[in-house]
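Residue strings, one per chain:
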Amino acid sequence: MTETPMGSRDDILVGGGTGGTKSSPVIFPIPSNELGKVDLSPTGSFEAGSYQTFVLTYTAGKFGIDDSGSMRVCFRFASDQTRPQFEDPSGSNYTTITASNNAVLTYHYDPKGNVRPWDRTLYIKVVRGFLREGDTITVKFGDRSGGSLGMRLQTFCEDTYEFHTLVDPIATYSYQPMPVQPAIKIIPGKPDRYLAVAPTIRAVGEVFSIKFKGEDKWGNPSDQCDDVFYPRATQPVQGLPDKVELKLGRFFGVIDNLSVDQPADLHIDFLNAAGTVVFCSNPLRIEASPISRHFWGDLHGQSEETIGTGSAEAYFAFARDYAFVDATGHQGNDFQITGDFWAHLDRLCKRFNQDDKFVAIPGYEWSGNTGLGGDRNIYFPNEGRIIRRSSHALVTDHSDVDTDCNSADELFRAFVDQGENDVVVYAHCGGRYADIELAHDGRFEKAMEIHSSWGTFEWLVQDAFRLGYRVGIVANSDGHKGRPGASYPGAALFGAVGGLTCFLTNSLNRISILDAIRKRHHYATSGGENGRPLITFDVDFPQGGTKFHDDPRDGHAIGSATTNAIMGDIVHLPSGEVSIRVDVRASAPIERIDIFNGLDLVDTIRPYTQEDLGARIRVIWEGAEYRGRFRQVIWDGSAFLSDNEIISIAPINFFNKDKVLHQPSKVELKWRALTTGNIGGFDMVLADPYRGTLKIETPLIKAGVPLEDIGYEDEVFDNSGVLPRYLKLFRLPTVNTHKSMQFQLPIILKDHGDNPIFIRVTLEDGTLCWTSPVYLYR
């Protein structure tokens with residue numbers, strides 16, 4: 001059995017209430033060696049998401065467990081294993097619990113039954129009788145005796161997945177953690193898909209690398225690959241080998257010392273022995289003299305020392321070595337970060353940060369209550385900074401409590417008062433959401449995070465437009481599964497793949513990344529295997545204007561005369577015409593590009609014409625219930641086709657393997673799905689493009705539409721509440737080959753106020769991309 005002894009990492013793990021965490025600083029009434037012991041069988045390594053049976057046996061110590069005493073078996077907040085259930089012997093994770101002396105037990109499962117991060121709790125109480133020393137309570141997780149598949153393990157890897165056990169022997173409701181905790185190791189499965197990552201922009205003759213890996217069906221990098229691929233570039237690439245291998249035991253491969261000797265747009269296909277393309281890289285552009293090389297980052301996630309998974313050291317290593325991002329930042333909840341852990345994070349950032357190779361940005365998540373401003377991300381250019389917590393809720397050392405800032409307004413004032421003008425802040429929506437109307441300071445708060453593994457939150461930047469703020473748009477994972485840069489939702493209620501941000505800067509270091517954020521020179525994507533498109537977005541105004549990087553309303557901005565701006569720039573344009581230039585190159589076909597002026601949709605550009613439409617119908621649902629934690633919208637439903645047949649179907653953003661699209665017959669579809677502000681849906685190709693009627697039923701929307709009425713424009717069925725919730729239908733070409741789009745378009749500006757001009761790109765696979773706006777004002 002893999003065992004985790006208490007206190008083995010107490011120098012960095014946080015405290016947190018009675019029996020709350022490994023280093024809980026309570027006064028324990030019973031010496032740990034008199035608590036008894038807990039054993040687990042079997043032990044060892046198990047595949048992520050696999051079904052297993054485990055027997056956990058608690059053997060009572062000196063005091064036994066008194067009448068009405070109890071115990072808890074807890075799992076981390078982030079874990080997405082099947083819940084213990086006690087009613088259906090044939091259902092997943094049927095769990096049986098017995099006492100060796102036949103004491104009567106009651107038990108239930110509560111996902112918020114203990115102090116974080118050990119939230120998910122199986123509670124067991126002795127209600128009639130008691131236990132003496134040596135008596136046992138046996139818990140069988142995934143009891144298969146009645147036909148259950150077993151307990152499905154969490155879908156992501158973890159070196160020490162604990163069955164974290166706490167006991168209350170004297171029935172005082174004071175829970176003590178067992179001195180040695182049973183644990184197993186969760187490992188990846190076989191590769192389900194392969195991915196390759198190339199840089200986005202490089203110079204002619206500049207040396208670069210391409211990295212590739214296999215991922216299992218849950219998105220874990222797999223070390224069970226044993227494949228040979230044959231890379232083929234769409235333009236000549238110097239140093240590209242004829243063959244590459246990914247052998248057992250290796251998580252990824254690297255092709256080094258590549259270069260291109262002339263300007264080009266290209267990608268690399270990876271073929272199998274039969275000559276079939278198995279996977280391809282993201283688009284790569286080679287320029288003679290690039291102004292920006294485009295670097296990718298995920299600056300927002302947590303590790304096990306707060307509420308995530310895996311160590312902070314493993315977190316940084318994953319971002320660099322397995323997700324292949326250029327920059328990351330650790331954003332632990334401030335009210336769980338001890339002084340020791342804060343110093344440890346500083347040491348890790350310093351060690352992992354290497355100019356021109358990988359950027360690790362120091363910082364934390366200011367996790368204030370929603371009514372006090374809500375979640376913010378804080379980033380520093382250097383180590384050794386003061387952590388200004390929203391509270392010391394789970395930090396028992398109050399020696400620095402005087403630095404707390406309980407509200408976002410206090411936080412911004414402290415930065416001003418202490419001259420911390422180099423701090424960069426994001427507003428985001430996780431469990432709590434940032435209330436930017438309550439508090440915002442544009443000198444620090446430079447961007448809105450509108451996509452993460454929690455969902456899509458376009459309303460956050462729409463709030464900023466409504467309030468007249470000038471901010472950029474970013475996306476991150478806000479991941480809790482230890483996979484920054486490649487964070488998949490697994491089987492939990494997280495509704496989306498974690499996002500990425502592309503920073504438009506010519507060098508890779510902390511200063512350049514933070515400078516790009518301050519200038520809003522970046523675009524965001526919803527991540528995933530096609531989440532690294534090349535996007536350029538320029539605005540031309542031949543009669544000239546004054547460009548600012550800092551908001552001139554804050555009093556310190558210096559402007560420069562220009563006739564061109566890129567995403568993120570602020571431009572005073574007294575008069576004259578405006579046009580935009582858009583260039584998008586992606587790994588998946590482009591469905592559409594929407595052009596916005598703030599809250600207004602100006603135009604939608606598609607890469608195909610109405611004459612190109614074929615027999616493919618797309619059904620899309622989108623929405624969130626409200627801004628807070630429980631935002632999931634359930635779209636479970638069915639579709640029925642009359643006087644026609646379905647030839648093929650393709651799901652869109654069905655990330656959760658428990659929620660699937662299936663076809664019971666030639667005329668019927670059924671599905672289970674949810675959204676958290678993001679989009680989902682499916683395509684179906686029909687035997688006859690226009691004959692018959694499509695009937696759709698979901699909990700929110702029921703609709704019947706003649707197929708001849710489904711065309712180029714969206715047919716929208718709206719059932720919005722506090723936030724948008726709708727279903728839309730439209731027709732696509734049977735095959736869309738357009739993976740790139742370039743166009744120029746005139747834009748009419750409003751005479752008063754800001755004109756935040758930006759684009760949103762939708763790829764056919766459901767990937768979304770947003771540029772930061774160019775802010776134009778007369």
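The notes below deal with the structure included here.

Thresholds applied
Residues numbered from 1 in each chain as written. Predicted model: local features only at pLDDT ≥ 70, side-chain atom pairs only at ≥ 80, totals over all residues. Heavy atoms only, no water. Buried < 20%, exposed > 50% of the residue type's maximum accessible area, 1.4 Å probe, protein only. Helix = DSSP H or I, 4+ residues; strand = E, 2+ residues; numbered from the N terminus. Pairing = 2+ DSSP bridges. Axes fitted to C-alpha atoms, helices over the stretch in contact; angles between N-to-C directions. Polar contact = N/O pair within 3.5 Å; in protein donor to acceptor, adjacent residues only side chain to side chain. Core = buried A, V, L, I, M, F, W, Y, C linked by side-chain atoms within 4.5 Å. Contact = heavy atoms within 4.5 Å. 1 Å grid on protein atoms, 1.4 Å probe; cavity = no way out; pocket = protein on both sides within 12 Å on 5 of 7 lines; lining within 4 Å. Points joined across faces, edges and corners; volume = space filled by probe spheres on them. Nonpolar A, V, L, I, M, F, W, Y, C, P; charged D, E, K, R; others polar. Phe/Tyr/Trp six-rings, centres within 6.5 Å; stacked < 30°, edge-to-face > 60°. Lys NZ or Arg CZ within 6 Å of the ring centre and 35° of its normal.

**Comments concerning the pairing of strand E43 (residues 616-623)**
Okay, so step 1: For E43, a buried count of eight out of eight residues is recorded, marking the element as mostly surrounded by other parts of the structure.
Okay, so step 2: Alternating positions in E43 separate into two faces, Arg 616, Arg 618, Ile 620 and Glu 622 on one and Ile 617, Val 619, Trp 621 and Gly 623 on the other, with burial throughout.
Okay, so step 3: Summarising the sheet, E43 and strand E50 (residues 679-686) pair through seven bridges and their orientation is antiparallel. If you follow Ile 620 over to E50, its bridge partner there is Gly 681.

**Things to note about the sheet that holds strand E7 (residues 96-99)**
Sheet strands line up and pair through hydrogen bonds in the backbone, either parallel or antiparallel.
Okay, so step 1: Strand order in the open sheet formed by four strands is E2-E5-E10-E7, and the pairing between neighbours is antiparallel. Each edge of the open sheet carries a strand with a single partner, namely strand E2 (36-41) and E7. Each strand of the sheet is rotated relative to its neighbour by a mean of 10 degrees, with strand direction disregarded.

**Overview of the side chain of Asn 114**
Okay, so step 1: Mapped onto the secondary structure, Asn 114 falls in the loop between strand E8 (104-110) and strand E9 (120-128).
Okay, so step 2: From its side chain, Asn 114 meets the backbone oxygen of Trp 118 in a polar contact 3.3 Å long.

**Quick notes on the sheet that holds strand E51 (residues 693-697)**
Okay, so step 1: If you trace the five strands from one edge of the open sheet to the other, you get E47-E48-E45-E51-E52, paired in antiparallel fashion. The sheet is open, and its two borders are formed by strand E47 (661-665) and strand E52 (702-706), each paired with just one other strand. Here the average twist between neighbouring strands, direction ignored, is 15 degrees.
Okay, so step 2: As defined by bridge partners, E51 adjoins E52 across five bridges and the pair is classed as antiparallel. For Ile 696, the partnering residue across the bridge sits in E52 and is Ala 703.

**Here we look at unusual backbone geometry**
Okay, so step 1: Of note, the amide linkage connecting Ser 41 to Pro 42 takes the cis form, showing an omega dihedral of -5 degrees.
Okay, so step 2: Turning to its location among the elements, Pro 42 is positioned in the loop between E2 and strand E3 (45-47).
Okay, so step 3: A cis amide bond links Arg 116 to the next residue, Pro 117, at an omega of 10 degrees.
Okay, so step 4: With respect to the helices and strands, Pro 117 occurs in the loop between E8 and E9.
Okay, so step 5: A positive phi angle, near 65 degrees, is found at Tyr 173, a position not held by glycine.
Okay, so step 6: Its place among the elements puts Tyr 173 in the loop between strand E13 (164-168) and strand E14 (176-177).
Okay, so step 7: By relative accessible area, which is 54% here, Tyr 173 ends up exposed.
Okay, so step 8: Even without being glycine, Asn 653 reaches a positive phi, approximately 60 degrees.
Okay, so step 9: Looking at the element boundaries, Asn 653 is found in the loop between strand E46 (646-652) and E47.

**Looking at the nonpolar core**
Okay, so step 1: Counting residues in hydrophobic clusters, the biggest one holds 71 residues, and the most contacted among them are Ile 580 and Leu 776.
Okay, so step 2: Discounting residues that sit within four places of it in the chain, Leu 776 has contacts with Val 539, Phe 541, Val 571, Leu 573, Val 578, Leu 749, Gly 753, Asp 754, Asn 755 and Ile 757.
Okay, so step 3: In terms of nonpolar packing, the next biggest core, distinct from the first, is built from 41 residues, Ala 78, Ile 450, Val 471 and Ile 679 among them.

**Topic: empty space enclosed by the protein**
Vacant regions in the atomic arrangement are exposed by a probe of water-molecule size rolled over the atoms.
Okay, so step 1: With the rule as written, the count across this model stands at four cavities of 30 Å³ or more.
Okay, so step 2: The computed volume of the largest cavity comes to approximately 140 Å³.
Okay, so step 3: Along the wall of the largest cavity there are 20 residues; nearest its centre are Asn 653, Phe 654, Phe 655, Asn 656 and Leu 674.
Okay, so step 4: If you list the elements that add at least two residues to the lining of the largest cavity, you get strand E49 (674-675) and E50.
Okay, so step 5: In terms of residue count, the dominant contributor to the lining of the largest cavity is E50 (three residues).
Okay, so step 6: Class assignment for the residues of the lining of the largest cavity results in 11 nonpolar, seven polar and two charged.

**Looking at the packing of aromatic side chains**
Given two aromatic rings, their pairing is described by the distance between the two centres and the angle made by the two planes.
Okay, so step 1: Taken as a whole, this structure holds 37 aromatic pairs when the rule is applied.
Okay, so step 2: Between Phe 229 and Phe 279, the aromatic rings sit 5.0 Å apart at their centres with planes inclined by 90 degrees, giving edge-to-face as the arrangement. Taken together, the residues span a long stretch of sequence, with Phe 229 in strand E19 (residues 227-233) and Phe 279 in strand E24 (residues 277-280) at a distance of 50 residues.
Okay, so step 3: Consider the rings of Phe 252 and Phe 324, whose centres lie 5.9 Å apart with planes at 75 degrees: the pair is edge-to-face. Note that Phe 252 is positioned in strand E21 (residues 252-258) and Phe 324 in the loop between helix H1 (312-321) and strand E27 (327-329), a separation of 72 residues in sequence.
Okay, so step 4: By relative accessible area, Phe 324 is classed as buried at 5%.
Okay, so step 5: Against the face of Phe 730 rests Arg 592, its NZ or CZ located 4.7 Å from the ring centre.

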